[in-house]
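Working through the structure, step by step
Here's the letter readout for the chains.
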There are 2 protein chains.
Amino acid sequence: MPFEPDETTMMDLATGVRPPGAALTAELAAELHARAAWSCISEPGDGTAGLVVRALGAVPALRLVIEAWSPDRVARELLAAGVEQGTVVAAGLDRALERWRPRLDPVVVMISLRQAARSGARLAIPGDHDWPAGLEDLGVHAPLALWWRGPADALGAFRESIALVGARAATRYGEHIAMEASAGLVDRGFAIISGAAYGIDGMAHKAALASSGRTVAFLAGGVDRPYPSGHVDLLERIAGEGAVISELPCGAAPTKWRFLQRNRLIAATSLATIVLEAGWRSGSLNTAGHAAALGRPLGAVPGPVTSPASAGCHRLIREYDAVCVTTAAEMAELVAEHLVQVPLDFPESDTETERGIAGGGRTSEQVRVFDALSGRSPREVGDLARRAGLSTMSVRAALGALGLEGAARERATGWVRNA
Amino acid sequence: MPFEPDETTMMDLATGVRPPGAALTAELAAELHARAAWSCISEPGDGTAGLVVRALGAVPALRLVIEAWSPDRVARELLAAGVEQGTVVAAGLDRALERWRPRLDPVVVMISLRQAARSGARLAIPGDHDWPAGLEDLGVHAPLALWWRGPADALGAFRESIALVGARAATRYGEHIAMEASAGLVDRGFAIISGAAYGIDGMAHKAALASSGRTVAFLAGGVDRPYPSGHVDLLERIAGEGAVISELPCGAAPTKWRFLQRNRLIAATSLATIVLEAGWRSGSLNTAGHAAALGRPLGAVPGPVTSPASAGCHRLIREYDAVCVTTAAEMAELVAEHLVQVPLDFPESDTETERGIAGGGRTSEQVRVFDALSGRSPREVGDLARRAGLSTMSVRAALGALGLEGAARERATGWVRNA
């Protein structure tokens, strides 16, 4: 059986995984088939696969695997395509070819494409108008294709999205804040990205759906294999109103590695990542690490220091410069701030800051005069000056301000404090 | 009645407020009397009083108030003593003299000294071997004297001390972490500084005493007036094993202003300030503001975002660059980090070279703004503009560039130079 199907079969397979009505050329069909094949033969995040596909194109790159080119020949091809010598040497072509070759199985690719079409999964590839722009930042580690289920316009959600992630072993506190955060961000027009896990992830998706918001779940296995099993119904609802996405082909099982790589997609497709509750070694810290590495805003919600379930969040704030966020408004602000990025407009003066921190809009002299006032006995200006340790002129000025504010009033025999 | 008592009375009064066995000269007795008088006639933090006393000495400075010198004559005296013209003009001498004069009452000073001796209070003044070194950073706003109760060596506690502060309206969570923090820091050899208020302050003192640690309470009124009244016994225990301190003379009542100024002493005498629990407008944020302004390490303990009692702590972490601290070990680390962090004298040539290289690429405006920055005291844009002789717009632009370069950073109360 040849690896590449004939053109008619290719068109047929490709049509099955494109949104209905999408125009399809033979060239695009071949591209889709090649990328589907790449998603079968390379593991997520394979930088050498990314390099080869980027330099030579998905179809020619697939051919060199099929034709079992030698590492030297591939290297020459890459150099000819303009890849730098150092990059080619560092790419580890011999080992890469060794790991791709055994996976090369035309049946597997066709089955995954047919299974995708059967389960309503689509195939998105770079260049599609709604291909998530943020993935570009992953460079050669960007996914070669994305399998997804959802309404035709589902991938548009990424333009305004925030990732809410956290531990499976969430506390009631964590679930509560996940719910509040998700609903609050949906109210502000954001789509909620998460990983469909139990605990925080699940609560974030559920609250988004309950608020009639858009939500996207990234899976570590095929989109036809709902995982975890307790979230079958939830994933069905997400696919109905948002999107369920994976870079693994249909039928693929989730593995530890794929979970870790899945996390990079959550971070890369979101404008910001917020960790809501996480233990000291929670997997969600990995997502946070990807966000930080990509230079995306990273927020963490604090919790009781007595709760091990918040230790990871505090660690992110302490050691990884995550912003301490406590409300949906502050989470949204994180994105707004990031869009401006290098705010060169500093607060006008420190008096404002100091005033803010001291609490109360009064000057120090007004505070002192207010202290010196009695609520019952009227006091004259000289008396107040002595008590406050201020000049009579300062006292008069302060009394004027306090009077305007309604905090003090003048009687026949002096000034009193208003109750 | 003359303002200054005769030498015998002065020696007598001074002896009463010095630790037993302390050697006393007539000169020191006069100094003690003058500073006691200053603590009666000026309110805490009176920068003009600080300036005059610093420039002329406490005794001559008191004489000019007694003899009702004109502002012009005082100004001439200050200029002769080497104070800069601009500083003299900005000092507001006319208003200062006006506010000191009505407070000048020899009877009040003598009564406060006698009352101090009766209640076992001592008078510490700058130059005493255990005068808290950190107070120097307050400049002209440093206290002119401190009244204190406690064992003879009590003031030595400041050499290794951490301030634990927080809201009066503490939750059980807040009290729990205050207890843990205080006991844990005592175990690590730190003295605990606080303000003796209900809630967090009280718990911090109590836990320190329970762990046989040293603890110091700063009051906003006289040390003979235990405040709050519910803490009479606690303050008695603190005075027995640690120290109860105030810059107000015996008999003075606490006022709002004095509480705010008391907070600067807590921040200045501690190596670091930690806010354990604080509402959005808690007074403890004022102490935090002082610590930040002084360039001291500032920590805040997070809590549930659902608890308004932790909102102030989260605000400090978010907006004022407080370090998120969750254990006593992390609080102690804050001090350790700070001790290595602020070495302003780099004798090594590498640093010089690097500086030279870094300096080479700067515009003249950037060089001038960098010169105007301090390594320790944050300076606001307006202040920097004045020092550098540039417009605020130019200063902002230069700060932006220096910030990107990593040569300067913004703190809550202004900009500092990076070491």
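Residues numbered from 1 in each chain as written. Chains lettered and ligands numbered in written order. Predicted model: local features only at pLDDT ≥ 70, side-chain atom pairs only at ≥ 80, totals over all residues. Heavy atoms only, no water.

A tally of helices and strands in chain A yields 19 helices and eleven strands. Relative to the 2.2 N^0.38 estimate, which gives 22 Å for 419 residues, the radius of gyration of chain A is 30 Å and therefore markedly larger than a compact globule would have. Across its three principal axes, chain A shows a C-alpha extent of roughly 110 × 50 × 40 Å. Evaluated residue by residue, chain A yields a buried proportion of 54% over its 419 residues. Within chain A, counting contacts between residues at least 6 apart in sequence, those at least 24 apart form 72% of the total. Measuring between centres, the 41 positive side-chain charges of chain A sit 7 Å from its 47 negative side-chain charges. (Helix = DSSP H or I, 4+ residues; strand = E, 2+ residues; numbered from the N terminus. Rg over C-alpha atoms; globule rule 2.2 N^0.38 Å. Buried < 20%, exposed > 50% of the residue type's maximum accessible area, 1.4 Å probe, protein only. Contact = heavy atoms within 4.5 Å. Lys, Arg positive; Asp, Glu negative; His and termini not counted. Charge placed at Lys NZ, Arg CZ, Asp CG, Glu CD.)

It is worth spelling out the domain arrangement of chain A at this point. For chain A, the assigned domains read domain 1 (7-115), domain 2 (150-340) and domain 3 (350-417). One C-alpha centre belongs to domain 2 of chain A, the other to domain 3 of chain A, and the line joining them spans 52 Å. (Domains from an automatic or database assignment.)

This brings us to the nonpolar core. Among the nonpolar cores identified, the biggest contains 74 residues, and A:I245, B:I245 and B:L316 are the most heavily contacted of them. Excluding residues within four positions of it along the chain, B:I245 makes contact with B:L146, B:W147, B:W148, B:L155, B:F158, B:V216, B:A217, B:F218, B:L219 and B:V223. (Core = buried A, V, L, I, M, F, W, Y, C linked by side-chain atoms within 4.5 Å.)

Residues and elements named next belong to chain B. Position of T392 among the secondary structure elements: in helix 19 (residues 392-405). T392 sits eleven residues away from V381 along the chain, and the two C-alpha atoms are 6.3 Å apart. Each residue touching T392, except ones within four places of it in the same chain, is listed here: V381, G382 and A385.

Residue and element names in this part refer to chain A. Taken N-terminus to C-terminus, the directions of helix 17 (residues 364-372) and helix 18 (residues 381-388) make an angle of 110°; their axes are 9 Å apart at the nearest point. By the angle between their directions, the pair helix 17 and helix 18 is classed as roughly perpendicular. The hand of the helix 17/helix 18 crossing is right-handed. Contacts between helix 17 and helix 18 involve R368, V369 and A372 on the former and, on the latter, L384, R387 and A388. Its residues assigned to classes, the contact of helix 17 with helix 18 comprises four nonpolar, no polar and two charged. (Axes fitted to C-alpha atoms, helices over the stretch in contact; angles between N-to-C directions. Parallel < 35°, antiparallel > 145°, perpendicular 65-115°, else oblique. Left-handed = near helix turned anticlockwise from the far one by under 90°. Nonpolar A, V, L, I, M, F, W, Y, C, P; charged D, E, K, R; others polar.)

Once that is clear, we can look at the packing of aromatic side chains. Going through the model one piece at a time under the given rule, you end up with six aromatic pairs over all chains. Each ring, one from A:Y227 and one from A:F259, has its centre 5.7 Å from the other, and the planes form 55°; the classification is tilted. A residue pair is termed long-range when its members are at least 10 positions apart, and A:Y227 in the loop between strand 5 (215-218) and helix 11 (232-241) and A:F259 in helix 12 (residues 256-269) qualify at 32 residues. With relative accessibility at 25%, the residue A:F259 sits in the partly exposed group. The interplanar angle of 35° and the centroid separation of 5.9 Å between the aromatic rings of B:F158 and B:F218 together place this pair among those described as tilted. Note that B:F158 is positioned in the loop between strand 2 (146-149) and strand 3 (161-165) and B:F218 in strand 5 (residues 215-218), a separation of 60 residues in sequence. The lysine or arginine in question, A:R73, covers the ring of A:W69, its NZ or CZ lying 3.6 Å from the ring centre. (Phe/Tyr/Trp six-rings, centres within 6.5 Å; stacked < 30°, edge-to-face > 60°. Lys NZ or Arg CZ within 6 Å of the ring centre and 35° of its normal.)

Residue and element names in this part refer to chain B. Enumeration over the complete set of coordinates arrives at 28 salt bridges over all chains. Note that D46 and R99 form a salt bridge whose closest N and O atoms lie 2.9 Å from each other. With D46 in the loop between helix 2 (26-41) and helix 3 (47-56) and R99 in helix 7 (residues 93-100), this residue pair connects regions lying 53 residues apart in the sequence. Given the relative accessible area of 10%, R99 is considered buried. (Salt bridge = Lys/Arg side-chain N within 4 Å of Asp/Glu carboxyl O.)

This brings us to the interface of chain A and chain B. Counting residues at the interface gives 45 residues for chain A, matched by 46 residues for chain B. The interface formed by chain A and chain B contains five salt bridges. A salt bridge links B:E330 to A:R318; its shortest N-O distance comes to 3.5 Å. Listing elements by their share of the side of chain A that touches chain B, those giving two or more residues are helix 9 (172-187), helix 14 (311-319), strand 9 (323-324), helix 15 (328-340), helix 16 (350-358), helix 17, helix 18 and helix 19 (392-405) of chain A. The residue inventory of the side of chain A that touches chain B, partitioned by class, reads 20 nonpolar, 15 polar and ten charged.

Now for the sheet that holds strand 6 (residues 243-246) of chain A. All names here are of chain A. Strand order in the open sheet formed by nine strands is 1-2-6-5-4-3-7-8-9, and the pairing between neighbours is mixed. Two strands bound the open sheet, and with one partner strand each, they are strand 1 (122-124) and strand 9. When strand 2 (residues 146-149) meets strand 6, the two strands line up antiparallel, connected through three bridges. Paired with W147 across the two strands is S246, which belongs to strand 6. Along the sheet face, helix 12 touches strand 2, strand 3 (161-165), strand 4 (191-194), strand 5 and strand 7 (272-275) and points at about 150° away from the line of strand 5. (Pairing = 2+ DSSP bridges.)

Once that is clear, we can look at the UniProt feature "domain: Smf/DprA SLOG" (unreviewed entry) in chain A. Per the UniProt annotation, the sites labelled "domain: Smf/DprA SLOG" (unreviewed entry) are residues 124-334 of chain A. Helix makes up 36% of residues 124-334 of chain A and strand 15%, and the two end C-alpha atoms of the span are 29 Å apart. (UniProt positions renumbered as here; feature names shortened; annotations may be inferred.)

Residues and elements named next belong to chain A. By the secondary structure assignment, S161 is in strand 3. Among the polar contacts made by the side chain of S161, one reaches the main-chain carbonyl oxygen of F158 at a distance of 3.3 Å. Within the local environment of S161, its side chain forms a polar contact with the backbone oxygen of T269, the two atoms lying 3.1 Å apart. Sequence-distant contacts of S161, defined by excluding residues within four places in its chain, comprise F190, A191, I193, T269, S270, L271 and A272. (Polar contact = N/O pair within 3.5 Å; in protein donor to acceptor, adjacent residues only side chain to side chain.)

Another point: the side chain of A:R258. Turning to its location among the elements, A:R258 is positioned in helix 12. Ignoring any residue separated from it by four or fewer positions in sequence, one finds A:R258 in contact with A:E43, A:P44, A:R103, A:A220, A:L248, A:A252 and A:A253.

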